[in-house]
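Analysis of the macromolecular model
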Amino acid sequence: MMNASLYGSIIRPSPVIHELYVPCITPPNPNRFRKDSKCVSSRLSTSVLLPQQLGLVSSDDVSLQNPVIDTPEPVQEGEEEAVPGIASEASHSTSEDKASGSSTKLKKKKDEQDNYENRFKLRNGREVFEEKAYLVGVECKGDTQNYFGIEESINELAQLADTAGLMVVGSTYQKLASPNPRTYIGSGKVSEIKSAIHALGVETVIFDDELSAGQLRNLEKAFGGDVRVCDRTALILDIFNQRAATHEASLQAIFLVALAQMEYQLPRLTKMWTHLERQAGGKVKGMGEKQIEVDKRILRNQIGILRKELETVRKHRKQYRNRRFSVPVPVVSLVGYTNAGKSTLLNQLTGANVLAEDKLFATLDPTTRRVQMKNGKEFLLTDTVGFIQKLPTTLVAAFRATLEEISESSLLVHVVDISHPLSEQQIDAVDKVLSELDVLSIPRLMVWNKVDKSSDPQKVRLEAEKRDDVICISALNGDGLPEFCNAVQEKLKDSMVWVEALLPFDKGDLLSTIHQVGMVEKSEYTEQGTFIRAHVPLRFARLLTPMRQLCASRP
Ligand SMILES: Nc1nc2c(ncn2[C@@H]2O[C@H](COP(=O)(O)OP(=O)(O)OP(=O)(O)O)[C@@H](O)[C@H]2O)c(=O)[nH]1
Ligand SMILES: [Mg+2]
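Structure report, in brief.

Reading the values: rules and limits
Residues numbered from 1 in each chain as written. Chains lettered and ligands numbered in written order. Predicted model: local features only at pLDDT ≥ 70, side-chain atom pairs only at ≥ 80, totals over all residues. Heavy atoms only, no water. Near = heavy atom within 4 Å. Polar contact = N/O pair within 3.5 Å; in protein donor to acceptor, adjacent residues only side chain to side chain. Areas by Shrake-Rupley, 256 points an atom, 1.4 Å probe, with all protein chains shown as cover. Helix = DSSP H or I, 4+ residues; strand = E, 2+ residues; numbered from the N terminus. Nonpolar A, V, L, I, M, F, W, Y, C, P; charged D, E, K, R; others polar. Salt bridge = Lys/Arg side-chain N within 4 Å of Asp/Glu carboxyl O.

It is worth spelling out the site of ligand 1 at this point. Residues in close proximity to ligand 1 total 23 residues, the closest being Thr 338, Lys 342, Thr 344, Thr 363 and Asp 452. The contact in question runs from an oxygen atom of ligand 1 to an N or O atom on the side chain of Lys 342, over 2.7 Å. At 3.5 Å from an oxygen atom of ligand 1 is found a main-chain nitrogen or oxygen belonging to Gly 386. Relative to its free-state accessible area of 650 Å², ligand 1 is covered by the protein chains to the extent of 91%. The dominant element in the shell around ligand 1, judged by the number of residues it contributes, is helix α12 (residues 342-350), at three residues. Of the residues contributing to the shell around ligand 1, the split by class is seven nonpolar, nine polar and seven charged.

Attention shifts here to the pattern of salt bridges. Within this structure, the stated rule accounts for 20 salt bridges. Between Asp 209 and Lys 390 there is a salt bridge, with the nearest N and O atoms lying 3.1 Å from each other. Of this pair, Asp 209 sits in the loop between β6 (204-207) and α7 (213-223) while Lys 390 is found in the loop between β10 (378-383) and α13 (393-399), placing the two residues 181 residues apart along the sequence. Here Asp 469 makes a salt bridge to Lys 491, at a shortest N to O gap of 3.4 Å. On the criterion of sequence distance, the pair formed by Asp 469 in the loop between α16 (457-466) and β13 (470-472) and Lys 491 in helix α17 (residues 481-494) is long-range, its members being 22 residues apart. Among the ionic contacts, a cluster of salt bridges with common partners joins Glu 156, Asp 208, Asp 209, Arg 232 and Lys 390.

Now the structure itself:
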C-alpha cells in the first residue's frame, strides 16, 4: 500500500524516483522538507506580496527594475553583482571597518545560520524550508487563449508560490512574438535574471507557463549554481502533493496526485543524470543516458501500477454513488475557481466540517452532504476541487476521475468570488475547464459569493438582478442562502421529467418520496389510489413507470 509521506516535493528532487527507487541521485539543493523535526514554527507566513512588493517589471524593453529584497542578504566582499538598485544595498556591507573584520565575520556567520533556521516553516504538519523564489512570465503577442493579463497571472503565481511555502523575492516578465524554443525567454532576459537571482540569493526560479524538459535544462545551466528552475505545473503539483500528505486526503487523491506527478516527470527525467557524466569527466559517456532509460522504465511501471490501483478505487466510488443514486435525491455539484467559497457554502448549508481557508486548492476530495430545506425538500450537495487558469493538462486528465461526480449531477452551481477584481476572467477560466470536461450540457446556476466583501454590495445585487440565473449570497454570514436553495429547486425542475401517475394506497413510501424530491403540482385521492401530477428526477420517473401506465388506463 502506498503512503502519502512517500511523495515529496516536485520542486525539490524528483520525489518518487529519489525516495523510492534511486536513492543514489544527489539533488542540486537539499530537500525542502525537514524530516527529523516536527517542531511548530510560530511565525507561519501566509502573506501574499503585492505587484509593487514583488518588483513586478513592465518589460517591453527587457530592462530589469529593482527587485524588492525582503530581508537584505549579507553580501561577501567582492561578490557584488552589477545589478541596478541591488548594488547600492550591497555596498553597505563592504564599508565595514576592516579592524573589526573577524568579529563581524563571526556575527555574519551567526546571522546567516539564524536566517537559515528561521526559514523553516510549518506547512500541512511538515516543516518546509522556505526557499527564495523568483517569478518569470511571458506574454505572447496575439495570444487569445489567456484570459488573464501577464501581471495578473504573475500575481496569481505569487499566491501559488506562497501557498506552496516559498518566499517570493522578485519577478519579471517579457513580451515576445513567440517563446524561445531553447530557453523560453530571450537571451538578454536570461542574463538579467541571472544577475538578479544571484544578488538576491534565489534558490528557485518559477516560470508562469509549462516548460519543456530541454528548456528547463538549458535555463538551469544558464543560471548556474544550485538554482533550480520549475514551472507553474510543478508548483501546482507541489501544492496538491502537500495537500495529499495530510490526514484528510483520500487514497484516491493520493494516487491521483502521484500519477499526475509521475506523468509530468517522465518526459523531464533527462536532466537528472547529467551530473554522473560531469563527475566522471566524460570518461563514461552514455552512462547517464542508460540510467535515464532505467529510470523511465521504473517510472512507466509505477504509472501502470498506479493506474490499476486507481481503477479499483474508482470502481468502489462508482458502486458507492450507485447505491446513493438508488435513493432518488437530486445531486447538485459546486464548481468554481479555487478560493471562491465552495467549501464554505457546503459547510453553511449542511453543517459539514470541510476545510475552508484563504489558500489556493484547500479542497482535493469531493465531499457530498444532504441539504434539507425548510419545506421538506432535499438535495445532495457535492463540493469539488477548485479550478485555476492554465490548469495543467496532466491534472485535468488525472482529476477527471474525481470530477466524474460532476458529470453525474443534475445541476452545476458555479460559485464565483464576486469581490475578486478578476472575477470575470475566473468565470471564463472555469467555463473553459467545464467544456474540457464535457459537462456544459448540464443545467447551471451561477452564484455570486462574497457579496459582503465587495466594495459596493448594493451595486453587485442590482447587477445580478439584471441577469438570468444569478443569485447573490455570502456563504460566510449566510446571506441569501434561502434564495439560493429556492433557485436550486427551480433549476432542478429543468432537469426533471413531468409525470402523471396513479399510486395504489400500499405505495405510501413512494408518495412521500415524490413529495420530498419532486415538485408536486396536484395530488388527489381516488378510489384506486392517489393520482399525482409532478416533476420528478429522471431516475425516479423510471421507478414510477408501471404506475404511469396505470394512470393512462384510468377511465
Ligand atoms: N468575506 C467572505 N469570505 C468568504 C465567503 N465565502 C468564503 N469566504 C472565505 O474565502 C476563503 C476560501 O473559502 P473556501 O470555502 O475554502 O473556498 P473554496 O472554493 O472551497 O476553495 P478551494 O477548495 O481552494 O477550491 C476562506 O477564507 C473563506 O472564509 C464570503 O461569503 N464572504
Ligand atoms: Mg474548498
